[in-house]
Amino acid sequence: MKKKFTSYGPAHIRFRAIGGYQEKFLSVLIQNDIQLYEISEKDNELSAVVKASDYTYIARTAVKNGIRIRISEKYGLYFRLYSYRRRWGLVVGPMCCIAVILILSQFVWDIRVSGNNNLSKAQLYSLADECGIYPGAYVHNFYTNDCECKGMSDIKLLSWISVEREGSRIYIKVKEKEPVKTEEIPAEIPCNIVSDYDGQLISATVKRGVLQVNTGDGIRKGQLLISGTVDNSNDGVIHIHAEGELLARCQQTEEFYLPFKQEKRKPLAEEKYSYYLMFGDFSFKSPLRNPEISDEDDISYREEYGFIKVLGINTPLRYKKGIYTTYEKEQVVYRQEDVIKQLQKEKSGFEDNFLQDCTVVSAVSETIVEEEGIRLRVTYTVDRNIGKKQKISLIYE
Amino acid sequence: MNVNKLAKKFEKLKNTTRQHSFIYISDNSYVDVEYCHSIIKFENELIILQLAKSIVKIIGFNLSMKNYGYRNVKIYGKIYSIQFEEDTAEENV
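Residues numbered from 1 in each chain as written. Chains lettered and ligands numbered in written order. Predicted model: local features only at pLDDT ≥ 70, side-chain atom pairs only at ≥ 80, totals over all residues.

Looking at the pairing of strand S5 (residues 54-68) of chain B
And step 1. Sheet topology note: the strand S2 (residues 36-42) of chain A/S5(B) ladder contains two bridges and is antiparallel. From the neighbouring strand, A:Ile39 faces S5(B), where its bridge partner is B:Met65.
And step 2. Taken together, the five bridges between strand S4 (residues 46-50) of chain B and S5(B) define a ladder with antiparallel strand orientation. Each residue of the ladder has a partner; that of B:Ile47, found in S5(B), is B:Ile58.
And step 3. Once S4(B) ends, the chain turns through three residues before running back antiparallel as S5(B). (Pairing = 2+ DSSP bridges. Helix = DSSP H or I, 4+ residues; strand = E, 2+ residues; numbered from the N terminus.)

Have a look at this one:
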């Protein structure tokens, strides 16, 4: 099959060989593995096509064989573009276009939110904004994983969130939690109220139903407090939906334990720094000082920003200083007073978290010093609302 | 030395010592000559090639040629006849 020579392919030259020993010339070229295409003869002139890179060798061989060589045609992209070599605009234009596309693709231009029903788009945009994702943000300045983790921890309504980047567009896909179905018994269904804690009844306000215990009585978990079965003088026994507010004084004991010997994370005095030069949201790492960070080390990272000063005057240029602090773990033996302080902190944490909806009447603490640590036993006396509704099962229903 | 270069040199050595050539004729429009020692005559109607043991004369019209590989040539055009002649130069030696 004959090869086609176009002006967009590799560079080839068609030449004419005039006079001399043409057959010898061809033989030398063939023996030296020079590829010749479309060799033909007309009016004692040899015509052939050769690769542009081989042309110099052919010209030298032609001189040795007494042949005059003339170029009749040039093929290939190289020769086509060569004529435009002084038109810089043709080269600079596409290069600028590519550069603009490359630069612009480094920024976020659009954020799309999907899957939200109760959550507003503004909420999700503000979440993305807090994580550094906003139109115009540099794509290497944020991590989508961080945004996902922050979203899951901050927005309680979310059951799932995915933040993905596709080019210059950010897709935030969310799935909201389905509303929790309250297991409250509807008002038309008859029910009793039973105790859900052990304790002593302090006060009782009955809206519907019959109170089964007196104020000051001791009650145990599961005991019937307000009955929904009412004796009506006209209709006999009827079942109603019991309602009321019951306050009981309850006791509960909690234990906190901490050993004297504990593992502590201690920062090393030596810190490592990396410097970045900032241009807006861009940060360029300085090639001069880059600390070597090992993955095995326990390291924390924080950043400090500042303006570059020239002769004491702030310039618009900012710098970023990355500070790597290495931690080491060490065994620390605490004193008795220090351990008690830590236990008190744990105790107050427990009260803040688990006794929020109760009134703490008294908290009697007992400290037991053991061989390896200290145990803090606290007996709480609390006033709390008790009572949970229980459906009345009717056999003849 | 590069293995490819070594293989290429070996192929060249094989070709220089070989005692025969292959000719592949496709209709009357294309002839493929494997191992052509040299070109004795090249014209529009006549091509004479020196092969390993003989001389081949290709007569036709509008003949053109292309070389490929090491000493292999392809001849295109309207081919009328192919003649073989004894290599007298070799006999004289």
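Some details on the interface of chain A and chain B
And step 1. Counting residues at the interface gives 16 residues for chain A, matched by 17 residues for chain B.
And step 2. Mapped by element, the contributors of at least two residues to the side of chain A that touches chain B are helix H1 (22-31) and S2 of chain A.
And step 3. The greatest single-element share of the side of chain A that touches chain B, amounting to seven residues, is contributed by S2(A).
And step 4. Residue classes in the side of chain A that touches chain B are distributed as five nonpolar, five polar and six charged. (Contact = placed C-beta atoms within 7 Å. Nonpolar A, V, L, I, M, F, W, Y, C, P; charged D, E, K, R; others polar.)

Observations concerning the nonpolar core
Here is a general trend for soluble globular proteins: nonpolar side chains tend to be buried in one another's company.
And step 1. In this structure, A:Leu26, B:Cys36, B:Ile47, B:Leu49, B:Ile58 and B:Ile75 are the most contacted members of the largest nonpolar core, which totals 31 residues.
And step 2. Other than its neighbours up to four places away in sequence, B:Leu49 contacts B:Val33, B:Cys36, B:Ile39, B:Ile40 and B:Val56.
And step 3. By size, the runner-up hydrophobic cluster in this structure holds 15 residues, among which are A:Val108, A:Phe142, A:Val163 and A:Val174. (Core = buried A, V, L, I, M, F, W, Y, C linked by C-beta atoms within 7 Å. Buried ≥ 20, exposed ≤ 12 C-beta atoms within 10 Å, placed from the backbone.)

Structural notes on the confidence of the model for chain B
All names here are of chain B.
And step 1. Per-residue confidence for chain B gives a mean pLDDT of 85; residues scoring 70 or more make up 92%.
And step 2. Within chain B, no element has a lower average pLDDT than helix H2 (residues 88-92), which sits at 56, and none a higher one than S4, at 92.
And step 3. Taken over the whole predicted complex, pTM reads 0.42, whereas the ipTM for its chain interfaces reads 0.79. (pLDDT = per-residue confidence, 0-100.)

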